[in-house]
Amino acid sequence: MRISTSLKKLLATGLIICLLAPTGLSSSGHNKSTAGEKEKTFVIHAPMSNLEEFRELARLAARLKPYGRVEVNISALADKGFHDIPSGNNFWYEYTSYNPTPFKFFPDPKIAPFIPARFVNRNRDLLLAKAEILREFHLDAAFWSYEPNYLPGAFFESYPHLLGARIDHPRRGNHAAWAPCIDQAETQEMFAGMVTELLNNVPEVKTFFFKTNDAGSGICWSDWLYTGPNGPTSCKHTGTGERVATLMNTFKTGAEQAGQEISIHLTSSMFTADEEKDIMTHLPDNCFFQSPAVRTISSGISGNYPVLGLIHPARIIRSSHALSNPDVHTIFVNFRASYDRGYELLSAADKVIDLIIKYINSPVPEGGERDALYQLCVEWAGEDGAEDLFNAYIAMEEAERYKSSVAPRVRSLYWSLSARHINRPLVFAPQLLSEEQESYFLPHVFNASETEARLDYTDIHGGAARTVEPGVIGNYIEMLNDAISMMEKVPANAPDYEFISGMAQAWRIYSSIIRSSGNFADAQGIRDRHAERLAQSPGRPDKAATWTGDPDMQLFNAVMRDELDNTLELINLLKNGGMKFIRHADDPAYEDTFLLGPDLIEQLQTKRRIMLDHWRDIEGFLTSPYK
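Worth saying up front: this structure is predicted, and the values here are computed from it rather than measured. (Residues numbered from 1 in each chain as written. Predicted model: local features only at pLDDT ≥ 70, side-chain atom pairs only at ≥ 80, totals over all residues. Heavy atoms only, no water.)

Draft legend 1. View of the overall build of the protein. Broken down by element type, the protein carries 22 helices and 14 strands. By the compact-globule yardstick of 25 Å for 627 residues, the protein fits well, its C-alpha radius of gyration being 26 Å. Its C-alpha atoms put the protein at 85 × 65 × 45 Å along the principal axes. Expressed as a percentage of its 627 residues, the buried residues of the protein come to 58%. A total of about 24,500 Å² of accessible surface is found on the protein, and carbon and sulfur atoms cover 48% of it. (Helix = DSSP H or I, 4+ residues; strand = E, 2+ residues; numbered from the N terminus. Rg over C-alpha atoms; globule rule 2.2 N^0.38 Å. Buried < 20%, exposed > 50% of the residue type's maximum accessible area, 1.4 Å probe, protein only. Areas by Shrake-Rupley, 256 points an atom, 1.4 Å probe, with all protein chains shown as cover.)

Okay, structure coming up:
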């Protein structure tokens, strides 16, 4: 194996030992299960509503059949729940508008009058069509859900005794949301009946996995509820473990009524340490929470969204021991973006499945991770391109390690996308923008307050993100771009050149949108220093002679110029085929805080025009040079 000078430097730091040491797949602890070794189960998770793409996903998933039972999640909604979102900056409900849950497919008679029938019918038709496709490939199904999901307020007007915990986030919306109380026998009967109906229609469902205490679901009196522990006084002293067991047993009862047996997985970590211990001591049979026998492998979409097509082979190599471990019986293969807004490119999903099969057949020996990564680079890039690709992956992990230490909370999903750094204009005085100039981005900026959405670039979902030191994101981008440049050196005759070149383009897009967030963080830091002046009307500059003017004017102009240039670079990337690597709606009506619009390129061009139109606004607040 050839080692470049840059790689030798990394070896000298001990970085590769850290990055490529075997750590295994991410573990979701403990479980209570039936005795005996279990067949491996692969659960493929991608929230697709396009049946042709789902058919292709099923075809890819079927490649895993020689290695165990294969299940594909079928619970994605056919349409966004527009009816769930109250008017008036209720962005918390944007999290939840794609939440799958059994009542959106097979609602209990008590719930059905409060859910649009057309919405339910479309969801059910899609689910049943997916089940037919799975039967063609002799695959089983899984059902992903948020439980207990909130119900419409009108439901609780009719059934006030079923009112459970308030589960919304008080800083992220302007309307309360309530889940039904699972301690109520009537709630249990509803939930069990809906699971029965689901399994009567799709008996292939073998795994039910769900999340709670976040993004639209919650359990009474749990410490992690965003408004604080709350619920009916009557059930206040029931322990969290007992309450979770009640919920799981309700699902099991529903399955038994359908003559089925299902595995139930609680995937949420939204509990305190004491609650987690309590849950583990109460788990019913064939129910799992933080179990070492259950692992997850991902393409990386959840960390890179809205950018698609980026996979991290070193992470999968580190998981190979668990893939071949007989004690690991369930592997979730995740191609899902947060809040069910998108899913991985099928070309990337194909590569991930390739790697799973490769390392199930030939697990990497401990200590051999580095050599395995290099050999994979030989397969993908050929002998001539392997070193560049290998060095690129190592440098990328070095960059990610740096970012994790200096800016761990800067994520493309929440900064670039839901704060709309990607396409909003970076200006010194955003209050001077006209209503028309704000119209394409401000309605999608996640903030319960329109004023804060307008004026605070780093208000991230209701909290001020002021911990990013100036310039650190710029350092990260420089490291990342160096890695991308190495990847771009892979020759055009490489066996997987098309995939590698596409991935390099996707990394360039990701680099650009994170660069925007770094610029907005730096800009907000400067604006914070002049908050008092910005609260006043713009005026004329000081008349005193000054060679430089206010130093912060120079700093801000430099940040603003970098963002102007960065936006042009992103426009060119997207025009050059890059739109397929960034998740966006096909219909403008579906653009929301977590999903970009189809006219992204035009929006970026508008961003640049507005920035240039407002370039001199800063001169009404800070002293300009007078030479």
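That was the structure; now back to the text.
Draft legend 2. How the structure looks around the side chain of Lys130. You can see Lys130 is positioned in helix α5 (residues 117–136). No salt bridge is formed by the buried Lys130, whose closest oppositely charged neighbour, Asp340, lies at an N-O distance of 8.5 Å. Leaving out residues up to four positions away in the same chain, Lys130 has contacts with Met48, Leu51, Phe54, Ile74 and Ala76. (Lys, Arg positive; Asp, Glu negative; His and termini not counted. Salt bridge = Lys/Arg side-chain N within 4 Å of Asp/Glu carboxyl O. Contact = heavy atoms within 4.5 Å.)

Draft legend 3. Inspection of the side chain of Ser268 at higher detail. If you trace the backbone, Ser268 turns up in the loop between β9 (263–266) and α9 (273–282). Polar side-chain contacts of Ser268 include one of 2.8 Å to the backbone oxygen of Thr212. For Ser268, the side chain forms a polar contact with the main-chain nitrogen of Met270, separated by 3.0 Å. (Polar contact = N/O pair within 3.5 Å; in protein donor to acceptor, adjacent residues only side chain to side chain.)

Draft legend 4. Structural context of the packing of helix α18 (residues 472–487) against helix α19 (residues 497–529). Between α18 and α19, the least distance of the axes is 10 Å, while the angle of their chain directions is 170°. Classified by the angle between their axes, α18 and α19 sit roughly antiparallel to one another. Between α18, through Ile473, Tyr476, Ile477, Leu480, Asn481, Ile484, Ser485 and Met487, and α19, the contact on the second element is made entirely by Ile500, Met503, Ala504, Trp507, Arg508, Tyr510, Ser511, Ile514, Arg515 and Gly518. In the contact of α18 with α19, the residues fall into twelve nonpolar, four polar and two charged. (Axes fitted to C-alpha atoms, helices over the stretch in contact; angles between N-to-C directions. Parallel < 35°, antiparallel > 145°, perpendicular 65-115°, else oblique. Nonpolar A, V, L, I, M, F, W, Y, C, P; charged D, E, K, R; others polar.)

Draft legend 5. The pairing of strand β12 (residues 330–334), seen in detail. Taken across its five residues, β12 has five buried, putting it largely inside the fold. Side-chain alternation along β12 places Thr330, Phe332 and Asn334 on one buried face and Ile331 and Val333 on a second face that is also buried. Note: strand β3 (residues 41–45) against β12, five bridges, orientation parallel. Bridge pairing links Phe42 to Ile331 in β12. Note: strand β11 (residues 294–298) against β12, five bridges, orientation parallel. Each residue of the ladder has a partner; that of Thr296, found in β12, is Phe332. (Pairing = 2+ DSSP bridges.)

Draft legend 6. Quick peek at helix α7 (residues 185–201). For α7, built from 17 residues, the straight-helix expectation of 24 Å at 1.5 Å per residue is met to within 8% by its first-to-last C-alpha distance of 24 Å. When α7 is considered as a whole, its buried residues turn out to be Thr187, Met190, Phe191, Ala192, Met194, Val195, Thr196, Leu198 and Leu199. On its buried side, α7 packs onto α5, β5 (140–146), α6 (153–158), β7 (178–180), β8 (205–211) and α8 (240–257). (Expected span 1.5 Å × (residues − 1).)

Draft legend 7. Spatial organisation of the packing of aromatic side chains. Under the counting rule described, the total for this entry stands at 29 aromatic pairs. Ring plane angle 85° and centroid distance 5.2 Å describe the contact between Phe155 and Phe156, whose orientation is recorded as edge-to-face. Of the two residues, Phe155 and Phe156, both sit in the buried class. With 5.0 Å between their ring centres and 50° between their planes, Phe209 and Phe332 make a pair best called tilted. Separated by 123 residues along the polypeptide, Phe209 in strand β8 and Phe332 in strand β12 bring together distant segments of the chain. Neither residue differs from the other here; Phe209 and Phe332 are each classed as buried. In textbook terms, an aromatic cluster arises when at least three aromatic residues are bridged by ring pairs, as seen for Phe91, Tyr95, Tyr339, Phe446 and Phe594. Taking NZ or CZ as reference, Arg172 lies 5.9 Å from the ring centre of Tyr226, over its face. (Phe/Tyr/Trp six-rings, centres within 6.5 Å; stacked < 30°, edge-to-face > 60°. Lys NZ or Arg CZ within 6 Å of the ring centre and 35° of its normal.)

Draft legend 8. Quick look at the layout of surface pockets. Counted as a void, the second largest pocket has a volume near 720 Å³. Around the second largest pocket, the lining is made up of 30 residues, and of these Ser49, Tyr343, Arg583, His584 and Asp586 lie nearest the centre. (1 Å grid on protein atoms, 1.4 Å probe; cavity = no way out; pocket = protein on both sides within 12 Å on 5 of 7 lines; lining within 4 Å. Points joined across faces, edges and corners; volume = space filled by probe spheres on them.)

Draft legend 9. Examining the confidence of the model for the protein more closely. For the protein, per-residue confidence averages 93 on the pLDDT scale, and residues scoring 70 or more make up 94% of the total. Contacts for the low-pLDDT stretch residues 1–29, under 50 throughout, to residues beyond four places or in other chains number 71 contacts. Across residues 32–36, where pLDDT falls below 50, the model places nine contacts with residues more than four positions away in sequence or in other chains. (pLDDT = per-residue confidence, 0-100.)

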